[in-house]
Amino acid sequence: MSRHHLFIGLVAMLCLTGCLSSRKYKDIDYLTGGVENGERPTLNVFVPKKIEEGKAPVLLFVHGGNWNSGNKETYNILGRNFARKDVVTVIPGYTLSPDASYEEMAQQIAEAVRWTLDSIGKYKGDPQRVYLTGHSAGGHLVALVATNPDYDIDPDDIAGIILNDAAGLDMHHYLTNNPPTTNEHYLTTWTKYPEVWEEASPINYVDAASPPFMIYLGSKTYNSIKTANERFLKELKPHQPGITPIIIDKKHIPMVTQYVWPWNKRYDEILEFMEAQGEE
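Residues numbered from 1 in each chain as written. Predicted model: local features only at pLDDT ≥ 70, side-chain atom pairs only at ≥ 80, totals over all residues. Heavy atoms only, no water.

## Overview of the overall build of the chain
Item 1. Along the backbone of the chain there are 10 helices and eight strands.
Item 2. A globule of 280 residues ought to have a C-alpha radius of gyration of about 19 Å, and the chain, at 18 Å, matches this closely.
Item 3. The principal-axis extent of the C-alpha atoms belonging to the chain is close to 50 × 45 × 40 Å.
Item 4. Of all 280 residues assigned to the chain, the portion counted as buried reaches 53%.
Item 5. A sequence separation of at least 24 residues applies to 78% of the contacts in the chain between residues at least 6 apart.
Item 6. Total accessible area computed for the chain in this model is approximately 13000 Å², and 51% of it derives from carbon and sulfur atoms.
Item 7. For the chain, the separation between the mean place of its 26 positive charges and that of its 35 negative charges on side chains is 11 Å. (Helix = DSSP H or I, 4+ residues; strand = E, 2+ residues; numbered from the N terminus. Rg over C-alpha atoms; globule rule 2.2 N^0.38 Å. Buried < 20%, exposed > 50% of the residue type's maximum accessible area, 1.4 Å probe, protein only. Contact = heavy atoms within 4.5 Å. Areas by Shrake-Rupley, 256 points an atom, 1.4 Å probe, with all protein chains shown as cover. Lys, Arg positive; Asp, Glu negative; His and termini not counted. Charge placed at Lys NZ, Arg CZ, Asp CG, Glu CD.)

Shown next, in the form of C-alpha cells:
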C-alpha cells in the first residue's frame, strides 16, 4: 500500500470514529438579514454524543483563506475532533471577497457568535463558556468582532479567544506598506481608504475589557503575519501581561492542517486554556 493510500485510509478511519462519538447538525441558517451577493452562508455544529445537556464548553472556529477562499466543510474533521473531546464546535461559513468586504464578513461572523450565544444550549453547549478561534483571515475576523464594540458583542460573553497564525491584526500597518490592488480582490476587501484599514485592524480595539487571548504563531509563517502578531502582542501585553505566544515550528498552512490528528498537542493546550479560564 502506498503512503498516499495509507494516509487516505487513516483519515477515513478518523472521520468514522469521529462520527461515532459526535453528531453533526449541518447548514443551519444563522443570519437574521439577507445577503447581497453570493450564496447565503450557514453553519455546522458538532455535538459530543456522551455529554450532559448544557454542560460542554463551546468553540466557534472561523476558517481562513485570505478573505477570498475557503469553505466550512473543509474543517469537518476539526469539528469532529473537538467534539470527541467533549467540546461543542460551531463552524460558520461566511461570504467571501469579491462578493463581500471585510466588514460584511465581520458582520456575518458577529451574527454567528450571537447565534451561538443564544442557541447553543439546544446543542448541549454551555453559553457561559463560549470561545472563539480562527486561522489566518479567520483569526482576524474573530479578534475584530470580539474587540470592536461596533459589532455588538459583549466581551464578557466571550470566555476566550484562540488565534492560530492570525493574519490581518494590523491591516492599517500592512496596507500602508503594501497598498491594495485588484490582486486577491484586496481593493474589494479593504478599499483604498486608510481610515477603513484603521477600522479593520483589531490591534486598535484591545483594552482591559478584551477577552483572554491565547496566541499560536508559526515560526516559518509569512513575515507579514509575524510582524502583525508582534505589534498586536505589544498592544495586548499591558492588559494581559501574562500572555506569551506559543511558537510552533510550522509554516502557515500546516498550522491548521495539524488539527487533522486528534492526538495533536494543540487540542490538549486549548482544553487547558479553557479550564484555566473557567477557574478564574
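Here the narrative resumes.
## Quick word on the nonpolar core
Item 1. Judged by nonpolar contacts, the single largest core of 63 residues is most densely connected at Val45 and Leu163.
Item 2. Apart from residues no more than four positions distant in its own chain, Leu163 is found in contact with Gly134, Gly139, Val142, Ala143, Leu169, Phe213, Met214, Ile215, Tyr216 and Phe232.
Item 3. Counting 23 residues, the second largest nonpolar core, distinct from the first, contains Leu59, Val87, Tyr267 and Met274. (Core = buried A, V, L, I, M, F, W, Y, C linked by side-chain atoms within 4.5 Å.)

## Concerning helix α8 (residues 223–236)
Item 1. In this model α8 runs 20 Å from its N-terminal to its C-terminal C-alpha over 14 residues, within 8% of the 20 Å that 1.5 Å per residue would give.
Item 2. All of the buried residues along α8 are Ile225, Ala228, Asn229, Phe232, Leu233 and Leu236. All buried residues of α8 lie within an arc of 135° about the axis, which places them on one face of the element. Turned more than 90 degrees from where α8 packs its buried face, Asn223, Glu230 and Lys234 sit exposed.
Item 3. Its buried side turned inward, α8 meets β6 (160–164) and β7 (213–218). (Expected span 1.5 Å × (residues − 1). Arc of directions from axis to C-beta.)

## Topic: the environment of Tyr25
Item 1. As for its placement among the helices and strands, Tyr25 is situated in strand β1 (residues 22–28).
Item 2. Given a relative accessible area of 27%, Tyr25 falls into the partly exposed group.
Item 3. In this structure the C-alpha to C-alpha distance between Tyr25 and Lys85, which are 60 residues apart in sequence, comes to 17 Å.
Item 4. Setting aside residues up to four positions removed in sequence, Tyr25 forms contacts with Leu43, Asn44, Val45, Val47 and Tyr123.
Item 5. Among the polar contacts made by the side chain of Tyr25, one reaches the side chain of Arg23 at a distance of 3.3 Å. (Polar contact = N/O pair within 3.5 Å; in protein donor to acceptor, adjacent residues only side chain to side chain.)

## A look at the sheet that holds strand β5 (residues 125–135)
Item 1. Strand order in the open sheet made by the eight strands is β1-β2-β4-β3-β5-β6-β7-β8, with mixed pairing throughout. Each edge of the sheet is formed by a strand with only one pairing partner; in this case those strands are β1 and β8 (246–248). The average undirected angle you get between the axes of adjacent strands in this sheet is 20°.
Item 2. Of the strand pairs in this sheet, β6 and β7 are connected by four bridges, and their pairing is parallel. By the bridge assignment for β7, Ile162 is matched with Met214.
Item 3. Here helix α4 (residues 137–147) sits on the sheet in contact with β3 (56–62), β5, β6 and β7, set at roughly 135° to β5.
Item 4. Here α8 sits on the sheet and contacts β6 and β7; the angle it forms with β7, its principal contact strand, is near 155°. (Pairing = 2+ DSSP bridges. Axes fitted to C-alpha atoms, helices over the stretch in contact; angles between N-to-C directions.)

## Comments concerning the side chain of Ser136
Item 1. Tracing the backbone through its elements, the reader meets Ser136 in the loop between β5 and α4.
Item 2. Within the structure, Ser136 has its side chain in polar contact with the side chain of His252 (distance 2.9 Å).

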